Amino acid sequence: QAVLVAPGVKDRKVLAFKRGDASLLKDKDAVTGLIRSIIATSSPAQRSAFHVLDLARIVDLYRAWRRALPDVRPYYAVKCNPDPAVLGALAALGAGFDCASRAEIEAVLALGVPARDIVYANPCKPEAHLEYAARVGVNLTTYDSEAEVDKIRRCHPACELLLRIKGPDGGEARVDLGTKYGTHADEVVPLLLAAQRAGHRVAGVSFHVGSGASRVDVYRGAVAAARAAFDAAAELGMPPMRVLDVGGGFVAGGPTFGEAAEVINDALARHFGDLPCVEVIGEPGRYFAETAVTLAARVIGKRVRGEVREYWIDDGVYGSLNCILMDHYVPRPRPLAGTRPGEKTYTSTVFGPTCDSLDTVVTGYELPEMNVGDWLVFDDMGAYTTAAGSKFNGFDTSDINIYVAYSS
Ligand code: PLP
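Residues numbered from 1 in each chain as written. Predicted model: local features only at pLDDT ≥ 70, side-chain atom pairs only at ≥ 80, totals over all residues.

Going by what an unreviewed UniProt entry lists, the protein is known as ornithine decarboxylase and is assigned to Eleusine coracana subsp. coracana. Under the Pathway (unreviewed entry) heading, UniProt states for the protein: "Amine and polyamine biosynthesis; putrescine biosynthesis via L-ornithine pathway; putrescine from L-ornithine: step 1/1." (UniProt positions renumbered as here; feature names shortened; annotations may be inferred.)

Okay, here's the thing in structure tokens:
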């Protein structure tokens, strides 16, 4: 068994990760077995909620991306899961990175990734972060307002721009980003002109159809709208655009990724077939991270009310399970011990550890009888989880150990 387990987020070194290292742990049973052995080999004092990060899954997903979208280079969206092992694996595999802030740029550069492999894909950036990007040579960023052009001119005069256009409605995404970002069609020309006046080259166009899009045909309209912006720039006599950024929104583990890839490939052929020099990139976050992480949380409390059971676990909506509120994650916890055929189940509520009643993980959920010290397992916990947790009530999300599994 070539599995390495490295606990401790705070003091864990970035893992040395070479191309082709990983290949194990392809299924849920293997991950469950690993969780059992982690618990069995840890001391009682160490037994608290932890994540298992399966790097083999990330390698598989990277290869699947390259097969399905050979002309689209993935720039991993660091915000989704900035774990150094995730970043290190993707850097070794050859991905670029989408960073939203100075800290994310620092984390990626620390891995030895060249600045040219980073897109600073936050359409509204603090001045100090932009000045940092200028110092380290991250020279490509997104914008969707005139004030941003003015700020970039002041803080990072050499920066090239991607015009972020609004993704089409109707993607039925888990998180709709179009309410906050992206130019409307009638704003494209004024914003191109604003960049031209400020002396910034608009290198291309970006969009994001929304995170976790379930209607993947929206990519078609988005690619067509991007082409219209390319044409508008050409009509204004601007230098030819050279980058198309198709953003994120991709979901692994179901049919939608393959369908999205087909739509994108088709739309690229139709709308960009005559522009073969355009470099196409994407900003997938969820696609790589979501299914690669499993959470094990320990039952730390129990209340019996007749036939109803209430449990407390040591992770909740202020910790890594914040994804329930922030990312519309639907928890379907399963007992680590499994459920025997015919075993009686109880209508159960599972609470998180803080004193807030909002800190509720599931209600009206059927579970067999559980006891303090038992464990619940949550699948698909890699996207927008530890990245967005808090220290509320003194339960610090960054204290959740992350065990990294890969082959050696
Ligand atoms: N790019 C940008 C600008 C984003 O805001 C996000 C998510 O919020 C992503 C990429 C990643 O999206 P996803 O996780 O859906 O792939």
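A. Broad picture of the domain arrangement of the protein. Under the domain assignment, the protein is made up of domain 1 (28–54 + 291–405) and domain 2 (56–289). Centre-to-centre separation of domain 1 and domain 2, based on C-alpha positions: 34 Å. Contributing elements (two or more residues each) for the side of domain 1 that touches domain 2: strand 1 (50–54) and strand 16 (401–405). For the side of domain 1 that touches domain 2, a count of residues per class yields eight nonpolar, four polar and two charged. (Domains from an automatic or database assignment. Helix = DSSP H or I, 4+ residues; strand = E, 2+ residues; numbered from the N terminus. Nonpolar A, V, L, I, M, F, W, Y, C, P; charged D, E, K, R; others polar.)

B. Examining unusual backbone geometry more closely. The phi angle at His-328 is positive, at roughly 55°, despite the residue not being glycine. Among the structural elements, His-328 can be located in the loop between helix 11 (323–326) and strand 12 (334–335).

C. Looking closely at helix 2 (residues 55–68). Between its first and last C-alpha, helix 2 extends 20 Å over 14 residues, near the 20 Å set by a 1.5 Å rise per residue. Summarising the contacts, the buried residues of helix 2 are in contact with strand 1, strand 2 (72–77), helix 3 (84–93), helix 10 (286–289) and strand 16. (Expected span 1.5 Å × (residues − 1). Contact = placed C-beta atoms within 7 Å.)

D. The arrangement of the site of the ligand in detail. Around the ligand sit 17 residues, and of these Ala-77, Ser-211, Gly-248, Gly-285 and Arg-286 come closest. Here the shell around the ligand is composed, by residue class, of seven nonpolar, seven polar and three charged. (Near = placed C-beta within 6 Å.)

E. Structural detail: the pairing of strand 11 (residues 308–313). Of the pairings in the sheet, the one linking strand 10 (residues 293–305) to strand 11 comprises six bridges and is antiparallel in character. Within the sheet, the bridge partner assigned to Gly-301 lies in strand 11 and is Trp-312. Counted between consecutive antiparallel strands, the loop separating strand 10 from strand 11 contains two residues, among which Gly-306 sits at a positive phi close to 60°. In this structure, strand 11 lies alongside strand 13 (residues 345–351), joined through five bridges in parallel fashion. The residue of strand 13 that forms the bridge with Val-308 is Thr-347. (Pairing = 2+ DSSP bridges.)

F. A look at the packing of helix 6 (residues 146–155) against helix 7 (residues 188–198). The geometry of helix 6 relative to helix 7 is characterised by a closest axis approach of 9 Å and an angle of 20° between their N-to-C directions. Between helix 6 and helix 7, the angle falls in the class roughly parallel. Crossing angle aside, the handedness with which helix 6 passes helix 7 is right-handed. From helix 6, Glu-146, Val-149, Asp-150 and Arg-153 reach across to helix 7, where they touch Leu-191, Ala-194, Ala-195 and Ala-198. (Axes fitted to C-alpha atoms, helices over the stretch in contact; angles between N-to-C directions. Parallel < 35°, antiparallel > 145°, perpendicular 65-115°, else oblique. Left-handed = near helix turned anticlockwise from the far one by under 90°.)

G. Broad picture of helix 3. Where burial is concerned, most of helix 3 is hidden: nine out of the 10 residues are buried. Where helix 3 is concerned, the buried positions are Ala-85, Val-86, Leu-87, Gly-88, Ala-89, Leu-90, Ala-91, Ala-92 and Leu-93. Residues of helix 3 that are buried in the fold lie against strand 1, helix 2, strand 2, helix 4 (102–109), helix 10 and strand 16. Positive phi shows up at Gly-94, right after helix 3, with a value of about 110°. (Buried ≥ 20, exposed ≤ 12 C-beta atoms within 10 Å, placed from the backbone.)

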